[in-house]
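# Summary of the model geometry
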Amino acid sequence: MLAGILFSLGLTGLLVRRNLIFVLMSLEVMLNAAGLAFVVAGARWHQADGQIMFLFVLAMAAAEVAVGLALVLEIYRRFKSLDVDQLSEMRG
Amino acid sequence: MIRLLWLIPALPFASALILVLIGSRLSKRVAAAVGAGSIGLSAVITILVAIGFYTAPPPGNSYTQLLWSWINVNGFRTQIGLYLDSLSLVMLLAVTFVGFLIHVYSAEFMIEDDGYSRFFAYMNLFVASMLMLLLGNNLLLLYLGWEGVGLCSYLLIGFWYRDPANGRAARKAFILTRVGDTAMSIGLYLLFTQLGTLGIQDLMQRAFAQWPSGSTYAVAAAFLLLGGAIGKSAQLPLQIWLPDAMAGPTPVSALLHAATMVTAGVYLIARTHVLFSLAPSAQLAVAVVGACTLLLAGFSALTQHDIKRILAYSTISQIGYMFLALGVGAWQAAMFHFVTHAFFKALLFLGAGVIINALDDEHSIFRMGGLRKELPVTFWTFLIAGCSLAGLPFVTAGFFSKDLIIWNAWSAQYGYPAFWIAGIIGALLTSLYTFRMIFRVFFGPLGIPVTKRPGYRMTIPLVVLAFLSIGGGFLKQPLLGFLHSALPSTIEAHTGGLTEIRSETITGLIFLIGLYFAYLFHLQKRNWADALVSGPVGRSLHQWWFADWGFDWIYDKVFVQPFVWASEINKSDFIDAFYSGVVWLAQWFYRGLSRTETGRVRWYAAGMAAGSVLFLAVVLFK
Amino acid sequence: MELAFYIAGAVAVISTVLMLTRLNVVHALLYLIVSLLGVAVVFYVLGAAFVAALEVIIYAGAIMVLFVFVVMMLNLGASAVEMERRWLTPGIWVGPAVLAGILIIEVISLVRGSTASLGGGVVGPKQVGIALFGPYLIGVELASVLLLAGLVGAYHLGYRKVEKTEIQHDDTHKGRAVAGGDLVLAGADRPARTP
């Protein structure tokens, strides 16, 4: 339940904020919430699998943050703003 | 020899095919050789067949050659079969021979045209269809040829297709003959359902046996066939397409619309004469139509100034004579007039073509003049043909044939004095307009100077046809006798004070009166002609007759405008709405969906979230 | 135990909400770190001490530090706060709140059935390690490849050509009309400070 709440909060944040950094942060929140759900499940059945999944989720989150932030830097350089709505060249 | 019958339509058809497929790669000389040569060969074979037929007539005076079975469905059997008797033989000779001469003429006439091989392909296809029409032994085959000549007429009238006016004229011709064709096809259905066959000879026998004289079926069928004939032969009330058909090249006008195609209606009625004799009211209608048409067209011809239109109205008028003859029961006279008319009318058209060509495409007779010295051969041949048309006594063929019709209009079984009077007035008109034309074009001061003179390929056909226009008259007795085997002879019912000699004298006088008046008004005192036209009565009459007695205008108001109006409103009817509705729906979805492609990440994320919400809802509430 | 769970959970939720509503980026980052720490406590309560440690070290430690790093590099300043104020109108919360609300309700109704008791066995690190080297070996390898890819990608994206800045540097030097290239004497036109 907690995971669900956290997840939806993260989703809301993602949808609301226009600053790219915030978008990424909300994404992190969502990932965390998902990981939490995994761990809870693992603990319920006393298996290690939940934690392992969380480990993977963590690794993935790390990689994603690295690339994402590099992208943010590039975007800032290119567009001089971090407004997500402005980055809509794939319109149409 | 007679077994070569099938070659007669096959040769032009084969050459048409060749010209269609590889014509554009042939040189003009070869194309002309193929085109004219096939008709020439057909003419030669026709002559050979004719000799064989004449010297050793086959039993029953008819020869049938069955080629193969065409349709065999549930009791409806038709074959591709050729039927030759004296009637079709006479027409065959005329069509192939005159056709050959016109092809030779057009080899030079059309020499500068780009569509040279296309022209010959169409002309050959036309001749092939016409021959099929003449030789068919059943009405379906005849109808096939009928449609074929209609198609070729359309193609050839609109030959110079780049000018839209020509296309309009071609469409007008096609649509009007279509009206007639529809009537004819209904007639065919009627005949088949009632009598069970479409073979012409069988049909005539069964009709004679089963239907009493004057029965409704016979009358209905006869009237429907008459409808088809009226359309094709440009009689009242479907005559308005022929003057406009002059938009085509002159050889086309000569072949189709003078000598051959327009006489297809005459042939049809002559072929099914048994049917018509079973329906006296229909036959009377034929005569009435003929009489009215010949008068109407005669008056109109008097007012035209385009030389080809004068000749077109003259053709309508002369075919009216043929119809008149058929209507009063003078079958052979009608065919005789057809033969002579083919000669001199083709000659007139070819001569007109020479003049038009020589004067650099000038059509108006009021701008021509004094060509007597410039184009001597043309002048003499044209004069001979004109005299034949008007009926110069004793010398020309036209005199004999027309006179025979006029006499029969009085004396034959269904003749009435009214018909005779109509014939006489028609003769007067013919003489008038013919000599008006001749005096305006060839006499008087020089109008437009001559720029081009015809070569031998154009003058030789003229000369040959001139000889035939004169000599054809002497064919009268042999021809009538020859036709006796196919057509019943005319019963001379009543004379009532008039003999043939007297009738002939009167027509001869009429000719001279017409000649004199034409001389007066168009050569001697031309200002009298102008005065006549500019006076109040003269002017309105002139305009009315010039516009073909207002038929064009009537048809436009009654048929064309309402039809156009109806199709305008019908453009967006509810059935169309179905299709345009589909289009509109697709566009609506497109607009809607393209709004979802904003390129904004948050929007897409929201979309995904909404989607997963829905998915979970489905899972929950299942 | 249960109490700790609820408190930590509440802390995580509240700090997340706060994080979402901050105008300043750095503030929001700090709240996020608090939220992650709360989740770590939850992990510990559940008996997954290893994961709790991992959460703190990697997530709250490395990843958040990366965030801070980048934010500092971007140097957004007061104008960014202004922008955020403009962007974050109350009305904008409606749609996503509705969506998220529906999602929460659905998730809750999904998990309603199951009752789980906290506590129970502790799944120790040893168990996790054995599982990692056993059945989940492939996953480990894949994760390492993924990290490698992330590394290369980040490097490539962050690569900046050096010439541009050097050229700018030269221009500014020329403007100063001093024996150029020497950074020490770069400020020679300034009035010298008396040491």
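No experiment lies behind these values; they were computed from the predicted model shown.

Rules behind the numbers
- Residues numbered from 1 in each chain as written.
- Chains lettered and ligands numbered in written order.
- Predicted model: local features only at pLDDT ≥ 70, side-chain atom pairs only at ≥ 80, totals over all residues.
- Heavy atoms only, no water.
- Helix = DSSP H or I, 4+ residues; strand = E, 2+ residues; numbered from the N terminus.
- Contact = heavy atoms within 4.5 Å.
- Areas by Shrake-Rupley, 256 points an atom, 1.4 Å probe, with all protein chains shown as cover.
- 1 Å grid on protein atoms, 1.4 Å probe; cavity = no way out; pocket = protein on both sides within 12 Å on 5 of 7 lines; lining within 4 Å.
- Points joined across faces, edges and corners; volume = space filled by probe spheres on them.
- Nonpolar A, V, L, I, M, F, W, Y, C, P; charged D, E, K, R; others polar.
- Buried < 20%, exposed > 50% of the residue type's maximum accessible area, 1.4 Å probe, protein only.
- Pairing = 2+ DSSP bridges.
- Arc of directions from axis to C-beta.
- Buried area = accessible area lost by both parts, 1.4 Å probe.
- Salt bridge = Lys/Arg side-chain N within 4 Å of Asp/Glu carboxyl O.
- Polar contact = N/O pair within 3.5 Å; in protein donor to acceptor, adjacent residues only side chain to side chain.
- Phe/Tyr/Trp six-rings, centres within 6.5 Å; stacked < 30°, edge-to-face > 60°.
- Core = buried A, V, L, I, M, F, W, Y, C linked by side-chain atoms within 4.5 Å.

If you tally the helices and strands in chain C, you get eight helices and zero strands. For chain C, the N- to C-terminal ordering of α and β elements is α-α-α-α-α-α-α-α. Taking contacts inside chain C between residues at least 6 apart in sequence as the whole, the part at least 24 apart equals 53%. For chain C, the accessible area works out to roughly 12,400 Å², and carbon and sulfur atoms hold 70% of it.

In this section: empty space enclosed by the protein. Residues and elements named next belong to chain B. One pass over the full model with this rule turns up four cavities of 30 Å³ or more. One number sums up the size of the largest cavity: a volume of about 60 Å³. Along the walls of the largest cavity sit Ala390, Gly391, Phe399, Lys402, Asp403, Ile406, Ala427, Thr507 and Phe511, which together make up its complete lining. Looking at the lining of the largest cavity, the element that brings in the most residues is helix H18 (residues 397–411), giving four residues. Along the lines of polarity and charge, the residues of the lining of the largest cavity split into five nonpolar, two polar and two charged.

With that settled, the discussion passes to the pairing of strand S2 (residues 76–85) of chain B. All names here are of chain B. The buried count for S2 comes to eight of ten residues, which makes it a mostly enclosed element. In this sheet, S2 lies alongside strand S1 (residues 62–73) in antiparallel orientation, the contact comprising ten bridges. Across the sheet, residue Gln65 finds its bridge partner in S2, namely Leu82. What sits between the antiparallel neighbours S1 and S2 is a turn of two residues, in which Asn74 has the positive phi angle 50 degrees.

Moving on: helix H21 (residues 476–483) of chain B. Taken together, the buried positions of H21 of chain B are occupied by Lys476, Leu479, Leu480, Phe482 and Leu483 of chain B. On an axial view of H21 of chain B, the arc spanned by its buried residues comes to 160 degrees, and they lie on one face.

With that settled, the discussion passes to the interface of chain C and chain B. Each side of the interface is counted separately: chain C has seven residues, and chain B has nine residues. Summed over both sides, the interface between chain C and chain B buries roughly 670 Å², with carbon and sulfur atoms accounting for 82% of that surface. Joining chain C to chain B, the criterion identifies zero salt bridges. Linking chain C with chain B are zero residue pairs in polar contact (both at pLDDT 80 or more). In terms of residue class, the side of chain C that touches chain B is built from five nonpolar, one polar and one charged.

Here the distance between the centres and the angle between the planes together describe a pair of aromatic rings. All names here are of chain B. In total, this model carries 19 aromatic pairs over all chains according to the counting rule given. Plain terms: the ring middles of Tyr154 and Phe174 are 5.6 Å apart, the flat faces sit at 55 degrees to each other, and that makes the pair tilted. Taken together, the residues Tyr154 in helix H5 (residues 139–157) and Phe174 in helix H6 (residues 164–195) connect sequence positions 20 residues apart. Owing to a relative accessible area of 28%, Phe174 belongs among the partly exposed residues under this scheme.

Turning next to the environment of Phe511 of chain B. Residues and elements named next belong to chain B. Along the chain, Phe511 turns up in helix H22 (residues 500–524). Sequence separation between Phe511 and Gly391 is 120 residues, and the spatial gap between their C-alpha atoms is 6.5 Å. Apart from the residues lying within four places of it in its own chain, the contact partners of Phe511 are Cys387, Ala390, Gly391, Leu392, Pro393, Ser431 and Phe435.

Another point: the nonpolar core. Among the nonpolar cores identified, the biggest contains 200 residues, and Leu84 and Ile307 of chain B are the most heavily contacted of them. Residues contacting Ile307 of chain B, with those up to four places away along its chain left out, are Ala352, Ile355, Ile356, His363, Ile365, Met368, Phe382, Met437 and Val441 of chain B. In terms of nonpolar packing, the next biggest core, distinct from the first, is built from 51 residues, Ala3 and Met25 of chain A together with Phe67 and Ala143 of chain C among them.

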